[in-house]
Amino acid sequence: AQSVSQHNHHVILSEAASLELGCNYSYGGTVNLFWYVQYPGQHLQLLLKYFSGDPLVKGIKGFEAEFIKSKFSFNLRKPSVQWSDTAEYFCAAAAGNKLTFGGGTRVLVKP
Amino acid sequence: DTAVSQTPKYLVTQMGNDKSIKCEQNLGHDTMYWYKQDSKKFLKIMFSYNNKELIINETVPNRFSPKSPDKAHLNLHINSLELGDSAVYFCASSRRTSGTETQYFGPGTRLLVL
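If you're wondering where the values come from, they're calculated on a predicted model, not measured in any experiment. (Residues numbered from 1 in each chain as written. Chains lettered and ligands numbered in written order. Predicted model: local features only at pLDDT ≥ 70, side-chain atom pairs only at ≥ 80, totals over all residues. Heavy atoms only, no water.)

1. A closer look at the side chain of Glu88 of chain A
With respect to the helices and strands, Glu88 of chain A occurs in strand 10 (residues 87-95). A polar side-chain atom of Glu88 of chain A sits 3.0 Å from a polar atom in the side chain of Arg106 of chain A. With sequence-adjacent residues up to four places away left out, Glu88 of chain A is seen in contact with Tyr36, Val37, Gln38, Gly103, Gly104, Thr105 and Arg106 of chain A together with Lys41 of chain B. (Helix = DSSP H or I, 4+ residues; strand = E, 2+ residues; numbered from the N terminus. Polar contact = N/O pair within 3.5 Å; in protein donor to acceptor, adjacent residues only side chain to side chain. Contact = heavy atoms within 4.5 Å.)

Laid out in structure tokens, this is it:
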């Protein structure tokens, strides 16, 4: 069965610090990968997605993610965070028409 | 011009009651979904419909019954509510049923069962 794991449950950092959130998936076939963000009190929004091609994907708000097939990973990065990046971040993988989410990582950026 | 809307936004009810949550999308998408987000923020798919047909039905108690009157609407009816049903329920839609399609989420319905 397909599964997605996010190793960090909570991350606290200061503004201007760099952020990297880990995501690993388990699925042997072709998989499409996504990062969604949920700001406090809001719905999930797509940050970026990877289907094929360049494994380094750039998304909105300065976020990027790198797909490393050999490690079954799709880590999210941002070089310099802002207070407004405080949110819950979800990695997700789609095999066929089913989207499976990781447990989420709560990020708190201190001003 | 809300893309995916849900009503109600908040729902507080007693155990044993029956309640419904409505979802509508104006994106012209063919596929709609219901997800449950528990208190630990874990998000899990419940159902998926494509053009009014059920295509994904995860291990969900049969007290939960989705209904899609047309492809723009997917409602969720819950019978005999239990304490464990307390969660945030998100509706989502995508252009079509494919793993490459982005899903667009509604604002969520916060259900509290007392």
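Right, picking up where we left off after that structure.
2. Comments concerning the sheet that holds strand 3 (residues 19-25) of chain B
All names here are of chain B. The 4 strands are arranged 1-3-8-7 in an open sheet whose pairing can be described as antiparallel. Where the open sheet ends on each side, the last strands, each with one partner, are strand 1 (4-7) and strand 7 (64-70). Across this sheet, the average inter-strand angle for adjacent strands is 20°, counted without regard to direction. Note: strand 1 against strand 3, 4 bridges, orientation antiparallel. The partner of Val4 across the bridge, within strand 3, is Gln25. (Pairing = 2+ DSSP bridges. Axes fitted to C-alpha atoms, helices over the stretch in contact; angles between N-to-C directions.)

3. Description of the pairing of strand 4 (residues 31-37) of chain B
Residues and elements named next belong to chain B. Counting buried residues in strand 4 gives 6 out of 7 residues, a clear majority hidden from the surface. Two successive antiparallel strands, strand 4 and strand 5 (residues 43-50), enclose a turn made up of 5 residues, where Lys41 displays a positive phi of approximately 75°. Here strand 4 pairs with strand 9 (residues 87-94) via 7 bridges, running antiparallel. Each bridged residue has a counterpart across the sheet, and for Lys36 the counterpart in strand 9 is Tyr89. (Buried < 20%, exposed > 50% of the residue type's maximum accessible area, 1.4 Å probe, protein only.)

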